[in-house]
Amino acid sequence: MKKALVAVLAGGALLTAGTPALAETAKTTLGPYGYGKVKLGMSAKKARATGRIVFKLAGGEGSCSGWDLKAHPSGRNSVGLYISRKRGVAVIFAPKGVRTPEGIGIGSTMSQVKRAYPRLKTSMTGGHSVSVPGNSKAYYAFFESKGRLEGVALGLDSQDCVS
């Protein structure tokens, strides 16, 4: 009996130890402080050191550079996140399939967003945003078309990359 138990435990330990990236990806959410090891406010040097991002677009003087999440390339005319020279990681865009801790992601309906975030604000231009539960220094921005989300972003309140 002891031999069987040891084999099961050893097998479980090997499985867990052998697939940490897979385990992290399955549980990774956008927010409240970042996406996986990439955290809001983290310098470009520290963010690069995570091994989770790749450079995509240089920023001009005093502006932000564009990056992609290595596991989720964003495509030709977009970026996965912006890093500010002053603020560090400033905005992270949710890849498809990634959700906030409250279960909101690309494809969610606006009704679901409003239930998850009762304090949701709508701007004069039609954009939607809310303070991030658990992080008073950040916000979620939601981009919708025909009642469904086509984009979700996590940003620092003080970010200087996008308007």
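Residues numbered from 1 in each chain as written. Predicted model: local features only at pLDDT ≥ 70, side-chain atom pairs only at ≥ 80, totals over all residues. Heavy atoms only, no water.

### Examining the nonpolar core
Part 1: Counting residues in hydrophobic clusters, the biggest one holds 29 residues, and the most contacted among them are Leu-30, Ile-53, Leu-81, Val-89, Ile-92, Val-113 and Phe-142.
Part 2: Of all the secondary structure elements, the ones that give two or more residues to this core are strand 4 (64-69), strand 5 (81-84), strand 6 (88-93), helix 4 (110-116), strand 8 (128-132), strand 9 (135-145) and strand 10 (148-156).
Part 3: When residues in this core are grouped by element, the largest group, 4 residues, is from strand 10.
Part 4: Val-89 has contacts with Val-38, Lys-39, Leu-40, Gly-41, Met-42, Ala-47, Leu-81, Tyr-82, Ile-83 and Leu-156, leaving out every residue within four places of it along the chain.
Part 5: With 5 residues, the next largest nonpolar core counts Ala-90, Val-91, Tyr-139 and Ala-153 among its residues. (Core = buried A, V, L, I, M, F, W, Y, C linked by side-chain atoms within 4.5 Å. Buried < 20%, exposed > 50% of the residue type's maximum accessible area, 1.4 Å probe, protein only. Helix = DSSP H or I, 4+ residues; strand = E, 2+ residues; numbered from the N terminus. Contact = heavy atoms within 4.5 Å.)

### Observations concerning the sheet that holds strand 7 (residues 121-122)
Part 1: Spatially, the 8 strands line up as an open sheet ordered 3-4-5-6-10-9-8-7, and their pairing is antiparallel. Of all the strands in the sheet, the pair left with one neighbour each is strand 3 (53-57) and strand 7.
Part 2: Strand direction decides the pairing type here: strand 5 and strand 6, joined by 4 bridges, are antiparallel. If you follow Ile-83 over to strand 6, its bridge partner there is Val-89. (Pairing = 2+ DSSP bridges.)

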